[in-house]
Amino acid sequence: MIDNAEDLATKAQDNKAALKRQYVNIPIGDEEYGFRISGIGAKSVKIEKFIKYDDIFEAIESGNDNGLEAMIKQIIEDFEEEEEE
């Protein structure tokens with residue numbers, strides 16, 4: 001069992017190519033979403049998921065108003081560009 005960040009980073013770097021084909025499932029709201037490991041760096045792991053705009057509205061219209069799609073829609077709706085000083 002790995003018990004420190006340095007050893008974890010080393011193992012991730014050693015297995016970078018294979019790890020980048022892996023998925024991680026994360027529960028959000030009532031659903032579970034699959035994220036792809038898209039990057040392995042020296043200091044961090046990057047995960048990503050593409051969500052189509054149509055999928056956002058389909059999920060919300062089907063009653064999933066506390067899932068990832070609803071969260072992304074809310075972020076976009078609430079976004080206001082900061083004024084430059």
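This text goes with the structure placed above it.
Residues numbered from 1 in each chain as written. Predicted model: local features only at pLDDT ≥ 70, side-chain atom pairs only at ≥ 80, totals over all residues. Heavy atoms only, no water.

### Some remarks on the overall build of the protein chain
So, step 1. Looking only at helices and strands, the protein chain features four helices and three strands.
So, step 2. What you see in the protein chain, going N to C, is helices and strands ordered as α-α-β-β-β-α-α.
So, step 3. Against the compact-globule benchmark of 12 Å for 85 residues, the protein chain has a radius of gyration of 17 Å, which places it well outside the compact range.
So, step 4. The principal-axis extent of the C-alpha atoms belonging to the protein chain is close to 45 × 40 × 20 Å.
So, step 5. Buried positions account for 18% of the 85 residues belonging to the protein chain.
So, step 6. Contacts in the protein chain between residues far apart in sequence, at least 24 positions, make up 23% of those at least 6 positions apart. (Helix = DSSP H or I, 4+ residues; strand = E, 2+ residues; numbered from the N terminus. Rg over C-alpha atoms; globule rule 2.2 N^0.38 Å. Buried < 20%, exposed > 50% of the residue type's maximum accessible area, 1.4 Å probe, protein only. Contact = heavy atoms within 4.5 Å.)

### Overview of the pairing of strand S2 (residues 31–40)
On a regular strand, each side chain points to the face opposite its neighbour's, so the side chains alternate between the two faces of the sheet.
So, step 1. Bridging between strand S1 (residues 23–28) and S2 involves six bridges; their strand directions are antiparallel. Its bridge partner being in S2, Val24 is matched across the sheet by Phe35.
So, step 2. In this antiparallel pair of consecutive strands, S1 and S2, the connection spans two residues, and Gly29 shows a positive phi of 65 degrees.
So, step 3. The pairing of S2 with strand S3 (residues 45–48) spans four bridges and is antiparallel. In the sheet register, Ile37 faces S3, and the bridge partner there is Ile47.
So, step 4. Hairpin connection between S2 and S3: a loop of four residues separates the two successive antiparallel strands. (Pairing = 2+ DSSP bridges.)

### Digging into the sheet that holds S2
So, step 1. Spatially, three strands are ordered S1-S2-S3 in an open sheet, and the strand pairing comes out antiparallel. Of all the strands in the sheet, the pair left with one neighbour each is S1 and S3. Pairwise comparison of adjacent strand axes, ignoring direction, gives a mean angle of 40 degrees for this sheet. (Axes fitted to C-alpha atoms, helices over the stretch in contact; angles between N-to-C directions.)

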